[in-house]
Amino acid sequence: MVSVSMETAEQTEQRLRSVIAQAELVVHDGVWCFEESPADRPPALTPETLAVVRDQETWSRLVPFQKGDGIERFGIFSFHFADQMDNSGFVGWLATHLKAELGTGVFVVCGSNRARGGIYDYWGCPIDLLDQAVTVVEKLRAH
């Protein structure tokens, strides 16, 4: 659900801690990367494909890392949110926590599955920081 919440910073923090505590968290095995293809050649959708996005020039498919020089490698975790939860501001809130705790940026790809509560997020961080990122997430879920 996309909502507009008029609240104080403290109320936002409390609400989003409740959202993360109730969300289904999955840490995806393996190393992931973006595989690119020209905009006029859409990528194949396989069971391993987590997400596909594009700009005017390139398709970008999030898939398990095989090999290649210069390809960024990511660890992936995801959230499915509880039905009817106001998760507005979640991406910025969690990204800010991860940046403050670990010094890293993240990428987020969102999708929707109305049968499972609506919006879901795939989060990517440098593979070497995945365990630390999950620790930050678990700490936020516990409070």
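What comes next concerns the included structure. If you're wondering where the values come from, they're calculated on a predicted model, not measured in any experiment.

1. Regarding the overall build of the chain
Stage number 1. For the chain, the helix and strand inventory stands at three helices and six strands.
Stage number 2. When the helices and strands of the chain are placed in sequence order, the string is α-β-β-β-β-α-β-β-α.
Stage number 3. The principal-axis extents of the C-alpha atoms in the chain amount to approximately 45 × 30 × 25 Å.
Stage number 4. For the chain, buried positions account for 38% of its 143 residues.
Stage number 5. Of the roughly 8500 Å² of accessible surface on the chain, a fraction of 51% belongs to carbon and sulfur atoms.
Stage number 6. Of note, the chain has its 12 positive side-chain charges centred 2 Å away from the centre of its 20 negative side-chain charges.

2. Concerning the environment of Glu36
Stage number 1. Counting through the fold element by element, Glu36 comes out in strand β1 (residues 24-38).
Stage number 2. Accessibility expressed as a relative area gives 63% for Glu36, which makes it exposed.
Stage number 3. Aside from chain neighbours lying at most four places away, what touches Glu36 is Thr58, Trp59 and Ser60.

3. What to know about the pairing of strand β5 (residues 107-113)
Stage number 1. Sheet analysis places β5 next to strand β6 (residues 118-126), joined by seven bridges and oriented antiparallel. Looking at the pairing, Cys110 lines up with Asp121 of β6.

4. Quick notes on the sheet that holds β5
Stage number 1. An order of β2-β3-β1-β4-β6-β5 is seen for the six strands of this open sheet, with the pairing classed as antiparallel. Edge positions in the sheet fall to β2 (51-54) and β5, since each of these pairs with one other strand and no more. Going across the sheet, the axis of each strand differs from the next one's by a mean of 30°, ignoring polarity.
Stage number 2. One ladder, built from seven bridges, connects strand β4 (residues 74-80) with β6; its direction is antiparallel. By the bridge assignment for β6, Phe79 is matched with Asp121.
Stage number 3. Across the sheet, helix α2 (residues 90-102) lies against β4, β5 and β6, angled at about 20° from β6, the strand it touches most.

5. What about the packing of aromatic side chains?
Stage number 1. By the definition in use, this model includes twelve aromatic pairs.
Stage number 2. Ring centres of Phe77 and Phe79 lie 5.9 Å apart, and the angle between their planes is 90°; on these two criteria the pair is classed as edge-to-face. For the residue pair Phe77 and Phe79, the accessibility class agrees, reading buried in each case.
Stage number 3. Here the aromatic rings of Phe77 and Trp123 are separated by 6.0 Å at their centres, their planes lie at 10°, and the arrangement is stacked. You can see Phe77 sitting in strand β4 and its partner Trp123 sitting in strand β6, a full 46 residues away along the chain. Just as Phe77 is buried, Trp123 falls in that class too.

About the cut-offs
Residues numbered from 1 in each chain as written. Predicted model: local features only at pLDDT ≥ 70, side-chain atom pairs only at ≥ 80, totals over all residues. Heavy atoms only, no water. Helix = DSSP H or I, 4+ residues; strand = E, 2+ residues; numbered from the N terminus. Buried < 20%, exposed > 50% of the residue type's maximum accessible area, 1.4 Å probe, protein only. Areas by Shrake-Rupley, 256 points an atom, 1.4 Å probe, with all protein chains shown as cover. Lys, Arg positive; Asp, Glu negative; His and termini not counted. Charge placed at Lys NZ, Arg CZ, Asp CG, Glu CD. Contact = heavy atoms within 4.5 Å. Pairing = 2+ DSSP bridges. Axes fitted to C-alpha atoms, helices over the stretch in contact; angles between N-to-C directions. Phe/Tyr/Trp six-rings, centres within 6.5 Å; stacked < 30°, edge-to-face > 60°.

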